[in-house]
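So the chains spell out like this:
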Amino acid sequence: MKIREDFLPMNRPSIGEAEIAAVSDCLRSRWITTGPLCQSFEERFRGLTGARYAISITSATAGMHLALMALDIGPGDEVITPSMTFVSTINMIALLGAKPIFADIDYQTLNVLPEEIEARISKRTKAVIPVHFAGAPADMDGIMGIAKRYGITVIEDAAHAVGTRYRGTHVGGFGAMAVFSFHPIKNITTGEGGMITHDDEALEKRMRILRFHGIERDAWKRYGKGGNPEYDILEPGYKYNMPDMQAALGIAQLARLETLNARRKQIVDLYREALADVAGLDLPGWPTYPHDHAHHLFVVKIASMTRERFMERLSEYNIGYGLHFPACHRLSYIQKRYAPNPLPETDRAAARIISLPLFPDMTDDDVLYVCQAIREILQTPGGRR
């Protein structure tokens, strides 16, 4: 096959004229920090998820930090999470002095298994963080049932899951806390940023205080018309508030969510059809329970050659790729500090996974080019094109 001259990245945000106009309007307003657009973005996100509260933040990492802090998680506590996740979650647990406890996953879907969570519960367990991996929902009935029986808080890692539904309910709408990401790779973006959704009035007040230096009122309330710039601090906090410039982008992106995710589904369907009969390649498995998949990532597993060689060959074809994720229980500081339990299915998947290009502005020809390249690579794994 002829090698394309331009590089096909793994991901590229879909930014249109509506997004550019929204950010420009915000800049022209001269109010660019946290203000009315953040409030509007939060309201719209509550409408999407069905959650009672939504808090805009600078990143999903910041959101996970605030969620764990608001629950007073610290030394002596354990938090159960899959190892197949981005390291930011594990870092936040460790930095608060708590201990991450890893639960194994389903090899096909890469989602954490409820029975694995239950097997890891101890008297020190304070929270569980399931990941809705690649846009497929975790088994929330099973997980919420376990959490209720043992009196454990659930924090959904919904970084991949804007548009994901489980049995008709959007993730973040189960009464638990959920943390979403708007990084440029995600289904909608604010450049950087995130959102916490939840239903707890006391946690709402505390997380909003922690989000902005411990000050109860944000800049819009303090410096807007009729605002009072005085403040007191009862507990020190952080600088995790989203600016209106980013919220403007998020509002415009959220308005396109259905269209963006529909295109992602079309791309995934084309991948699955074109790669269905390729030997040495394991396609992603879907959960068997009713769900709507957000198709954030398309993660395949290379079964007939080393991943390193496969990545080298993809590069020769000018195709980008990602790795979601290096298994956290294999990271050096985790191995040294915590001596984690065996995770056979995580290890099996972690050695094989690779994320193929997936973003709404890909063309069908882009997808078919990737598929043809994969066929050639796996048919002649040791050779050149």
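What counts and how
- Residues numbered from 1 in each chain as written.
- Predicted model: local features only at pLDDT ≥ 70, side-chain atom pairs only at ≥ 80, totals over all residues.
- Heavy atoms only, no water.
- Pairing = 2+ DSSP bridges.
- Helix = DSSP H or I, 4+ residues; strand = E, 2+ residues; numbered from the N terminus.
- Core = buried A, V, L, I, M, F, W, Y, C linked by side-chain atoms within 4.5 Å.
- Buried < 20%, exposed > 50% of the residue type's maximum accessible area, 1.4 Å probe, protein only.
- Contact = heavy atoms within 4.5 Å.
- Phe/Tyr/Trp six-rings, centres within 6.5 Å; stacked < 30°, edge-to-face > 60°.
- Lys NZ or Arg CZ within 6 Å of the ring centre and 35° of its normal.

Caption draft 1: How the structure looks around the sheet that holds strand β12 (residues 298–302). One open sheet accounts for three strands, arranged β10-β12-β13; its pairing is antiparallel. Each of the sheet's edge strands pairs with one partner strand only, and the pair in question is β10 (281–282) and β13 (353–356). Looking at chain direction, β12 and β13 are connected through four bridges and run antiparallel. Bridge assignment links Val300 to a residue of β13, and that residue is Ile354.

Caption draft 2: Spotlight on the nonpolar core. Residues Tyr271, Leu275, Leu281, Phe298, Phe310 and Ile374 are the most contacted members of the largest nonpolar core, which totals 32 residues. Elements with a contribution of two residues or more to this core: α10 (257–275), β12, α11 (307–316), β13 and α14 (364–379). When residues of this core are assigned to their parent elements, the largest contribution, eight residues, is made by α14. Residues in contact with Ile374, not counting those within four places in the same chain, are Leu275, Leu281, Phe310, Leu314 and Leu356. Listed in part, the 27 residues of the second largest apolar core include Ile55, Ala70, Val179 and Ile196.

Caption draft 3: Here's a closer look at the packing of aromatic side chains. According to the stated counting rule, one finds ten aromatic pairs in the structure shown. Measuring from centroid to centroid gives 5.9 Å for Tyr166 and Phe174, while their planes differ by 70°, and the two rings are edge-to-face. On the accessibility criterion, Tyr166 (1% relative accessible area) is buried. Judged by centre distance (4.8 Å) and plane angle (5°), the rings of Tyr271 and Phe298 are stacked. Here the residue Tyr271 occupies a position in helix α10, and Phe298 occupies one in strand β12, the gap between them amounting to 27 residues. As far as the burial class goes, Tyr271 and Phe298 line up, both buried. Site record: aromatic cluster; members linked through ring pairs are Phe41, Phe45, Phe180 and Phe182. Over the ring of Tyr369 we find Arg4, and its NZ or CZ is 5.4 Å from the ring centre. Sitting over the ring of Tyr107, Lys301 keeps its end group 4.6 Å from the ring centre.

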